[in-house]
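Read off the chains here:
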Amino acid sequence: PGFPQMPFSHLNAELEKEFVVVQWDQRGAGKSYSWSIPDESMQVDQFVSDAHELVQLLLARFGAQKCYLVAHSWGSMFGALTVARYPELFYAYVGIGQAADLRETEQVRYQYALDAAHRESNQEASADLERIGRPPHSAEDHEVMEKWVNYYSAREHPSVSRSRMVRLALSSPAYSWIDLCKIPLGVRYSFAQLWKEIFYQTNLFKQAPRLDVPVYFFLGRHDRVVTWEVAERYFDALDAPRGKQLIWFENSGHWPQFEEPEKYRVTLVQRVLKETSGRAEAKAH
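Residues numbered from 1 in each chain as written. Predicted model: local features only at pLDDT ≥ 70, side-chain atom pairs only at ≥ 80, totals over all residues. Heavy atoms only, no water.

### Quick look at the overall build of the protein
So the rule is basically this: Secondary structure elements follow DSSP: runs of H or I of four or more residues count as helices, runs of E of two or more count as strands, with numbering from the N terminus. Radius of gyration: C-alpha atoms only; globule rule: 2.2 Å multiplied by the number of residues to the exponent 0.38. Relative accessibility thresholds used throughout: buried, under 20% of the residue-type maximum; exposed, over 50%; partly exposed, between the two (1.4 Å probe, protein chains only). All accessible-area figures derive from a Shrake-Rupley calculation using a 1.4 Å probe, and residue coverage is judged against the displayed protein chains alone. Counting rule applied: Lys, Arg positive; Asp, Glu negative; His and chain ends not counted. To locate a charge, take atom NZ for lysine, CZ for arginine, CG for aspartate or CD for glutamate.
Along its length, the protein carries twelve helices and four strands. Since a compact globule built from 285 residues should have a radius of gyration of about 19 Å, the 19 Å found for the protein is in line with a globular shape. Residue burial in the protein is summarised as follows: out of 285 residues, 53% are buried. Accessible surface computed for the protein: about 13,600 Å², of which carbon and sulfur atoms make up 52%. Both charge centroids of the protein, one from 32 positive and one from 37 negative side chains, sit 4 Å from each other.

What follows is the structure, given as structure tokens:
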């Protein structure tokens, strides 16, 4: 929560040849971060309401009947909830690094790190993980688990480096220095406000068991952030009467849109766009 996509969006600017691409800095994130945001508004239902309001504004502005919703990570949680509530507004839903049940995800991540620590006889990691025990964790213990999950996942699959993200952000045509300075503030604030609700009260298996639009999941084979295992289980359980497809990004972790950008763009255009809307109509919208 609180980490925007807009400062990196120029990496996939080619999509603008086929779509009107709208990047949204959500409440509390990036350009939308402000000290005046009411803390009580930082709730999942409010984000669904915000998404609905934004979609209505865009459809009216461009004279369209529907749009595509592409959501990543935490955004995919309330993205799926938005589509479940307002399916008539969307041609299709694309969930990247789809989150579904972060409580279960944390169990998978903990076991992944513990197994790796035991396998390598890493006494420091084993001691840390055994000391905090299995999730749910406090915010402090969560950081301990995060440290060792990141340590082992980086060795399994080096993902997008921090230096590359910084270079992309610094070259963004949409972000000023002031906007860039807001990113860590928004991340810190958003996570502090939302983590209890999204970790312990949000479960798409129960809250969004059916999506009445064509559904596409883009999953990185090495994703250890939301964990591909839980995302795949949600995909298998999902009732999607208009069809569902799971597309694996074999050389990606949590960021397929940055790790395999060409495949990401081609899949959106050659599969999602072609399969869900007439090409002339889709280009017009």
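### Digging into the sheet that holds strand 4 (residues 244-249)
Defined as follows: At least two bridges found by DSSP between two strands is the condition for calling them paired. Geometry is summarised by axes, namely lines fitted to C-alpha atoms with helices restricted to the contacting stretch, and by angles between N-to-C directions that run from 0 to 180 degrees. When checking whether two residues touch, look at their non-hydrogen atoms; a contact exists if any pair is within 4.5 Å.
Spatially, 1-2-3-4 is the arrangement adopted by the four strands of the open sheet, whose pairing is parallel. One side of each edge strand has no neighbouring strand; the edge strands of this open sheet are strand 1 (67-72) and strand 4. Across the sheet, the mean angle separating the axes of adjacent strands is 15° when strand polarity is ignored. In the sheet, strand 2 (residues 90-96) pairs with strand 3 (residues 215-220) via four bridges, with the strands oriented parallel. Residue Gly 95 lies in a different strand from strand 3, and its bridge partner there is Phe 217. Taken strand by strand, helix 11 (residues 261-276) contacts strand 1, strand 2, strand 3 and strand 4, and its axis lies near 170° from that of strand 4.

### Structural notes on the packing of aromatic side chains
Heads up, the condition is: Stacked, tilted and edge-to-face pairs are distinguished by plane angle, under 30 degrees for stacked and over 60 for edge-to-face with tilted covering the rest, among Phe, Tyr and Trp rings (Trp via its six-membered ring) whose centres lie within 6.5 Å. Look at NZ for Lys and CZ for Arg. If either is within 6 Å of the ring centre and within 35 degrees of the ring normal, a charge sits over the ring.
Considering all chains together, one arrives at 24 aromatic pairs under this definition. Considering the side-chain rings of Phe 3 and Trp 255, the 5.9 Å spacing of their centres and the 70° angle between planes classify their relative orientation as edge-to-face. Separated by 252 residues along the polypeptide, Phe 3 in the segment before helix 1 (44-62) and Trp 255 in the loop between strand 4 and helix 10 (256-259) bring together distant segments of the chain. For Phe 3, a relative accessible area of 36% puts it in the partly exposed group. Measuring from centroid to centroid gives 5.4 Å for Phe 47 and Phe 78, while their planes differ by 55°, and the two rings are tilted. Of the two residues, Phe 47 is situated in helix 1 and Phe 78 in helix 2 (residues 74-85); the sequence distance between them amounts to 31 residues. Assessed through its relative accessible area of 1%, Phe 47 is described here as buried. Following the ring pairs from residue to residue traces out a cluster consisting of Phe 3, Phe 8, Trp 255 and Phe 258. Residue placement shows Arg 224 over the ring face of Tyr 112; its charged tip is 4.2 Å from the ring centre.

### With respect to the packing of helix 3 (residues 102-119) against helix 4 (residues 123-132)
Under the convention used in this document: Crossing handedness follows the turn of the near helix against the far one: under a right angle anticlockwise gives a left-handed crossing, and clockwise gives a right-handed one. Polar here means any residue outside two lists: the nonpolar Ala, Val, Leu, Ile, Met, Phe, Trp, Tyr, Cys and Pro, and the charged Asp, Glu, Lys and Arg; Gly therefore counts as polar.
Between helix 3 and helix 4, the least distance of the axes is 9 Å, while the angle of their chain directions is 145°. The interaxial crossing formed by helix 3 with helix 4 has left-handed handedness. Here Tyr 110, Ala 113, Leu 114, Ala 117 and His 118 of helix 3 lie close against helix 4, whose contacting residues are Ala 125, Ser 126, Leu 129, Glu 130 and Ile 132. By residue class, the composition of the contact of helix 3 with helix 4 is seven nonpolar, two polar and one charged.

### Points about helix 5 (residues 139-156)
What counts here: A helix is expected to span 1.5 Å multiplied by its residue count minus one.
Here helix 5 spans 25 Å end to end across 18 residues, near enough to the 26 Å set by a 1.5 Å rise per residue. Where helix 5 is concerned, the buried positions are His 142, Val 144, Met 145, Glu 146, Trp 148, Val 149, Tyr 152 and Ser 153. Each element contacted by the buried residues of helix 5 is listed here: helix 3, helix 4 and helix 7 (177-200).

### Things to note about unusual backbone geometry
Omega for the bond connecting Pro 135 with Pro 136 falls within 30 degrees of zero, at 10°, which places this linkage in the cis form. Its location among the elements puts Pro 136 in the loop between helix 4 and helix 5. Notably, Ser 73 is not glycine yet its phi reads approximately 55°, a positive angle. As for its position among the elements, Ser 73 is in the loop between strand 1 and helix 2. The phi dihedral of Thr 227 falls on the positive side, at around 65°, and the residue is not glycine. Along the chain, the position of Thr 227 falls in the loop between strand 3 and helix 9 (228-237).

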